[in-house]
Structures are given as C-alpha cells and as structure tokens.
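Fold and contact review
Here's the letter readout for the chains.
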Amino acid sequence: MKYYIDPFWGQDSNTGTDAKDPWRTLEGHTHALQPGDQVLFRRGTVMKKALVLPGGSELGPITYSAYGEGPDPVVNP
C-alpha cells in the first residue's frame, strides 16, 4: 500500500492512500503501516517535527520516498 504525506494540504482524517487525499503527518498513522508499504512525502514540503519511521520486518521493509514535482522534501530541518 502507498501512503501520501503532505504537511501543507493534507488532513490526518484523510485516507492517506491517494495523492489527492494525503495525511498531513505520519504521526498517529504508523500503526497502519505494514511490511512492504511505501510512504511518500510531497516534494517541495518541509516536515518540521521529528519522525519515528518504522522499518517493517523480515517480510518486507517499509520504504520512504517522494511524490510530485519540485525539490526533495525536507524532514526535520
């Protein structure tokens, strides 16, 4: 499953599973992540809070990347 994070336009009440329906933060959603999932941060955004990023398991890693256009997202500058 892919999950989308957009700290500017997202809402934590969204499903997070579509770029048009992203979460605002990853905080509070890590329980939803499963081995093999992918978390995508919107390009051009800044995540101002420190993140604890789950890594998955032997069944598969959770991978982190970016979506959209623009510069790479910045996490906890």
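Conventions used here
Residues numbered from 1 in each chain as written. Predicted model: local features only at pLDDT ≥ 70, side-chain atom pairs only at ≥ 80, totals over all residues. Heavy atoms only, no water. Core = buried A, V, L, I, M, F, W, Y, C linked by side-chain atoms within 4.5 Å. Buried < 20%, exposed > 50% of the residue type's maximum accessible area, 1.4 Å probe, protein only. Helix = DSSP H or I, 4+ residues; strand = E, 2+ residues; numbered from the N terminus. Contact = heavy atoms within 4.5 Å. Pairing = 2+ DSSP bridges. Axes fitted to C-alpha atoms, helices over the stretch in contact; angles between N-to-C directions. Salt bridge = Lys/Arg side-chain N within 4 Å of Asp/Glu carboxyl O. Phe/Tyr/Trp six-rings, centres within 6.5 Å; stacked < 30°, edge-to-face > 60°.

Section: the nonpolar core
Core analysis: the biggest nonpolar cluster contains nine residues, these being Tyr 3, Ile 5, Trp 23, Leu 26, Leu 33, Val 39, Phe 41, Met 47 and Ile 62. Put simply, the parts of the chain that give this core at least two residues each are strand S1 (2–5) and strand S2 (38–42). With near-sequence residues (within four places) excluded, Tyr 3 lies in contact with Thr 15, Gly 16, Thr 17, Trp 23, Ala 32, Leu 33, Asp 37, Gln 38, Val 39 and Leu 40.

Some words on the environment of Gly 68
Mapping Gly 68 onto the fold places it in the loop between strand S6 (63–67) and strand S7 (74–75). Separated by 13 residues in the primary sequence, Gly 68 and Gly 55 have C-alpha atoms spaced 23 Å apart.

Looking at the environment of Thr 63
Looking at where Thr 63 falls in the secondary structure, it is placed in strand S6. In this structure the C-alpha to C-alpha distance between Thr 63 and Asn 14, which are 49 residues apart in sequence, comes to 21 Å. Excluding anything up to four places from it in sequence, Thr 63 contacts Asp 37, Gln 38 and Val 39.

Focus on the sheet that holds S6
Within the open sheet, the three strands sit side by side as S1-S2-S6. Their pairing is parallel. Each having just a single partner strand, S1 and S6 make up the two edges of the open sheet. Averaged over all neighbouring strand pairs, the angle between strand axes comes to 30°, with direction disregarded. Pairing analysis gives five bridges linking S2 to S6, with the strands arranged parallel. Following the sheet pairing, Gln 38 is matched in S6 by Thr 63.

Considerations on the pattern of salt bridges
With the rule as written, the count across this model stands at two salt bridges. For the salt bridge of Asp 6 with Arg 42, the shortest nitrogen-to-oxygen distance reads 2.8 Å. Residue Asp 6 is found in the loop between S1 and S2, and its partner Arg 42 is found in strand S2; the two are separated by 36 residues along the sequence. With a relative accessible area of 25%, Arg 42 lands in the partly exposed category. For Arg 43, the salt bridge goes to Asp 72, with nearest N and O atoms at 2.4 Å. Taken as a pair, Arg 43 in the loop between S2 and strand S3 (46–47) and Asp 72 in the loop between S6 and S7 lie far apart in primary sequence, 29 residues in all.

Some points on the packing of aromatic side chains
Taken as a whole and judged by the stated rule, the model has three aromatic pairs. Between Tyr 3 and Trp 23 the ring centres are 4.9 Å apart and the planes differ by 10°, which places this aromatic pair in the stacked class. Within this pair, whereas Tyr 3 is found in strand S1, its partner Trp 23 is found in the loop between S1 and S2, the two being separated by 20 residues in sequence. One exposure class covers both Tyr 3 and Trp 23, and it is buried.

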